[in-house]
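Structural characterization, general
So the chains spell out like this:
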Amino acid sequence: MIKVHLKIKRFNPEKDKKPWWGEYDVEVEPTDRVLDAIHEVKWNIDGTLALRRSCAHGVCGSDAMRINGRNRLACHRLIRDEIQNGQITIEPLLGLRVIKDLIVDMEPFFAHYRSIMPYLVNDTDPGPRERLQSPEDRARFDDTTKCILCAACTTSCPSFWARGEYVGPAAIVQAHRFIFDSRDQGAAERLEVLGDSNGVWRCRTVFNCTEACPRGIEVTKAIGEVKQAIATGKVR
Amino acid sequence: MSALISTVRASLSYRGREGHWLWLLHRVSGLGVLLFLILHVAGMSSAFISIEIHDRLLEMYKTPLFSIGELALAFGLIFHAVNGTRIAILELKPELWQKQQLATRLAIIIVVLLAAPTIIIMALGSINAFFGPAAGH
């Protein structure tokens, strides 16, 4: 067991005028996850600490937060990989309103997600069985099927910090998943949404999103491919 | 205004990798070059209003503060051009994204190779003008 000093940014809008740092010493294994250390605080030191988490195994994407200044999933990062001089700093995601402590208002994020029609658009008769697709056509968008909507990419993006109306990397990744699906027929509508002033052109190719994605999705590349599809009018 | 402040604060507090810091420097250098253009156009235009004001401005441009500004301008221009080219290439060829760290290092090397001699020559010229035998004449 090792001692870890956790510095957690706290904010309760019902009580606090501005955010403050809560500091806690916990004993955890180096191979424990950052989430375990936060649980230690919540369960044994200060039950008022608020955070989201569900599966706690990197699948549901609900515990995205800033760990040592970078967007990460708390259930995805080990103590030994994050501890710096005996300390780990934890803050809520940037660019979204803090509801309490580590919980941010995800509604604007999901509104952007809904705006790109994240479902298969095809009104033709699928026939007696499912719509068939070649392995090559399936592979074309395989990478962007991995998104878990944790918002780590969108809230690491300077363009999103500056302008909340920007659809953001996650919505573009989700759009990419359908635009390049050979079974889908809604690409033109999605590209229209993404081609407007709050669409893909706000991306400045900073690569924060690619670096933040806990699923290793090539986010900036996907955004680049959508930009090309809009610029050339060709979906390849 | 509060959106601008929160964005600047977020940009400085987020611990992004090289792409993040180059983006920040790209913005700062872009704004710096824009400031120069405004000063330049305003300075040149002043000749239409009054030759005296124009001459006074030209004298002001010869002060050490503006000489340091010129060095920053040279760096800003070179950095903005080279980094802009890096971004344009990555935008046009998204499949090259895995080479982005290499592209970043190359951009930094090119900036240093272009900016170092330029700044040294300019700085030597300024030092000579302020402290050399012809200083004050």
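These remarks concern the structure in this document. (Residues numbered from 1 in each chain as written. Chains lettered and ligands numbered in written order. Predicted model: local features only at pLDDT ≥ 70, side-chain atom pairs only at ≥ 80, totals over all residues. Heavy atoms only, no water.)

A word on the interface of chain B and chain A. Interfaces are frequently sized by the accessible area removed from exposure as the parts join. With 22 residues of chain B at the contact, the number on the chain A side is 25 residues. Across the interface of chain B and chain A, roughly 2,000 Å² is buried in total on both sides, 61% from carbon and sulfur atoms. In this assembly, chain B and chain A are joined by one salt bridge. Taking the shortest distance from any N to any O, the salt bridge between Lys227 of chain A and Glu91 of chain B comes out at 2.5 Å. Between chain B and chain A we count 10 residue pairs in polar contact (both at pLDDT 80 or more) in total. If you list the elements that add at least two residues to the side of chain B that touches chain A, you get helix 1 (2-13), helix 2 (18-49) and helix 4 (64-92) of chain B. Class assignment for the residues of the side of chain B that touches chain A results in eight nonpolar, eight polar and six charged. (Contact = heavy atoms within 4.5 Å. Buried area = accessible area lost by both parts, 1.4 Å probe. Salt bridge = Lys/Arg side-chain N within 4 Å of Asp/Glu carboxyl O. Polar contact = N/O pair within 3.5 Å; in protein donor to acceptor, adjacent residues only side chain to side chain. Helix = DSSP H or I, 4+ residues; strand = E, 2+ residues; numbered from the N terminus. Nonpolar A, V, L, I, M, F, W, Y, C, P; charged D, E, K, R; others polar.)

Let's shift gears to the state of the cysteines. Residue and element names in this part refer to chain A. Taken as a whole and assessed by the stated rule, the structure comprises zero disulfides over all chains. Cys157 carries a free sulfur, and the closest cysteine sulfur to it, the one in Cys203, is 6.6 Å from it. No disulfide involves Cys209; its sulfur sits 6.3 Å from the nearest other cysteine sulfur, which is in Cys203. (Disulfide = S-S within 2.5 Å.)

Another point: the pattern of salt bridges. Residue and element names in this part refer to chain A. Counted according to the given criterion, the structure contains 21 salt bridges over all chains. The partner of Arg72 in a salt bridge is Glu211, with the nearest N and O atoms 2.8 Å apart. With Arg72 in strand 4 (residues 70-73) and Glu211 in helix 8 (residues 208-212), the pair connects residues that are 139 residues apart, well separated along the chain. When the shortest N-O distance is used, the salt bridge between Glu218 and Lys221 registers 3.4 Å. The network of salt bridges with common partners includes Lys9, Arg66 and Glu91.

Turning our attention to the environment of Ser50 of chain B. All names here are of chain B. Tracing the chain through its elements places Ser50 in the loop between helix 2 and helix 3 (51-61). In the structure, Ser50 is positioned 14 residues away from Phe36 in sequence and 21 Å away in space, judged by C-alpha atoms. A polar contact is formed between the side chain of Ser50 and the backbone nitrogen of Glu52, at a distance of 3.2 Å.

Quick look at a nonpolar patch on the surface now. All names here are of chain B. On the surface, a cluster of nonpolar side chains totalling about 370 Å² of accessible area is made up of Leu4, Val8, Leu12 and Trp21. At three residues, the largest contribution of residues to the nonpolar patch is made by helix 1. Here Leu12 lies in helix 1. (Patch = residues over 30% accessible without salt bridge, like charges linked within 9 Å, V, L, I, M, F, W, Y side chains within 5 Å. Areas by Shrake-Rupley, 256 points an atom, 1.4 Å probe, with all protein chains shown as cover.)

A separate point is the pairing of strand 5 (residues 87-91) of chain A. Residue and element names in this part refer to chain A. With four of five residues buried, strand 5 lies mostly within the body of the structure. Looking at chain direction, strand 1 (residues 2-10) and strand 5 are connected through four bridges and run parallel. Bridged to Lys7 within strand 5 is Thr89. Where strand 3 (residues 64-67) meets strand 5, two bridges bridge the pair, whose relative direction is antiparallel. (Buried < 20%, exposed > 50% of the residue type's maximum accessible area, 1.4 Å probe, protein only. Pairing = 2+ DSSP bridges.)

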